[in-house]
Amino acid sequence: MTAAQADHARARSEIKELPEGFKLDTPRVEDGAAIWRIARDSRTLDLNSSYSYLLWCRDFAATSVVARDTEGEPAAFVTGYIRPDRPDTLLVWQVAVDDAHRGRGLAAALLDGLTTRTARELGVSRLETTITAENAASNRLFSSFAERHGAPHRREVLFDAALFPEQGHEPEVLHLIGPFTAPAPCL
């Protein structure tokens, strides 16, 4: 086995599996309200209007993912889009897990599933996201993603606090991850 094959096998074996009882799926417009509630209840995300989540489920479903519970209801989500000027880059907008399902690896499994799908279908090989310094869980999520995929990971301030109209918004730090190679689908 060559070094490249060994790296590929290691990355494939380390992809986060979805916890039992959950299914990855593409969001549908009907999921918009549930996704909005999960975002609202996270108490860490900047909450967008409920209308924007409906539009997201319609217009950016191919670059987003939900985890459905045994009843088929959204339990977690990742929203993202392809950067218009960088078609190989998926920008992850928001990641949230319903409070009842936290601590089970859903966020990592969703992120791995989404990047695998977008790499295969859309040619994505890089990931970007912004995170405030105080959001330890998201910082860990994206650092561990880079480690699992053996991808370079650098950070730089994208939007300084002074750019935000409201007082007290922390700077948004841009995480640039990649290039990464999507694992081969399990047969």
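Residues numbered from 1 in each chain as written. Predicted model: local features only at pLDDT ≥ 70, side-chain atom pairs only at ≥ 80, totals over all residues. Heavy atoms only, no water.

> Looking at this structure, I do not really get helix H2 (residues 32–42). What am I missing?
Two residues of an α-helix separated by three or four positions point the same way, owing to the 3.6 residues in each turn. Those residues of H2 not exposed but buried are Gly-32, Ala-34, Ile-35, Ile-38, Ala-39 and Ser-42. Looking straight down H2, one finds that the buried residues subtend no more than 165 degrees of arc, so they occupy a single side. The elements touched by buried residues of H2 are helix H3 (50–59), strand E2 (65–68), strand E3 (74–83) and strand E4 (86–97). (Buried < 20%, exposed > 50% of the residue type's maximum accessible area, 1.4 Å probe, protein only. Helix = DSSP H or I, 4+ residues; strand = E, 2+ residues; numbered from the N terminus. Arc of directions from axis to C-beta. Contact = heavy atoms within 4.5 Å.)

> Sorry, what's going on with the pairing of E3 here?
Within a regular strand, the side chains alternate between the two sheet faces. With seven of 10 residues buried, E3 lies mostly within the body of the structure. Where E2 folds back onto E3 in an antiparallel hairpin, the turn is made up of five residues, including Gly-72, whose phi is positive at roughly 85 degrees. With eight bridges connecting them, E3 and E4 associate as antiparallel partners. Looking across to E4, one finds that Phe-77 is bridged to Ala-96. Taking the residues between adjacent antiparallel strands as the criterion, E3 and E4 are bridged by two residues. (Pairing = 2+ DSSP bridges.)

> Teacher, can you tell me more about the packing of aromatic side chains here?
The description of two aromatic rings rests on the distance between their centres and on the angle between their planes. Applying the stated criterion across every chain, the model contains six aromatic pairs. Pairing Trp-56 with Trp-93 gives two aromatic rings, centres 5.6 Å apart and planes at 35 degrees, and the pair type is tilted. Highlighted residues: Trp-56 in helix H3 and Trp-93 in strand E4, separated in sequence by 37 residues. An angle of 55 degrees between the planes, with centres 6.2 Å apart, marks the rings of Phe-60 and Tyr-81 as tilted. Taken together, the positions of Phe-60 in the loop between H3 and E2 and Tyr-81 in strand E3 put the pair 21 residues apart, joining distant regions of the chain. Overall, Phe-60 belongs to the partly exposed group, its relative accessible area being 34%. Note on Tyr-81: relative accessible area 21%, which makes it partly exposed. Members of the aromatic cluster, joined through ring pairs, are Trp-56, Phe-60, Tyr-81 and Trp-93. (Phe/Tyr/Trp six-rings, centres within 6.5 Å; stacked < 30°, edge-to-face > 60°.)

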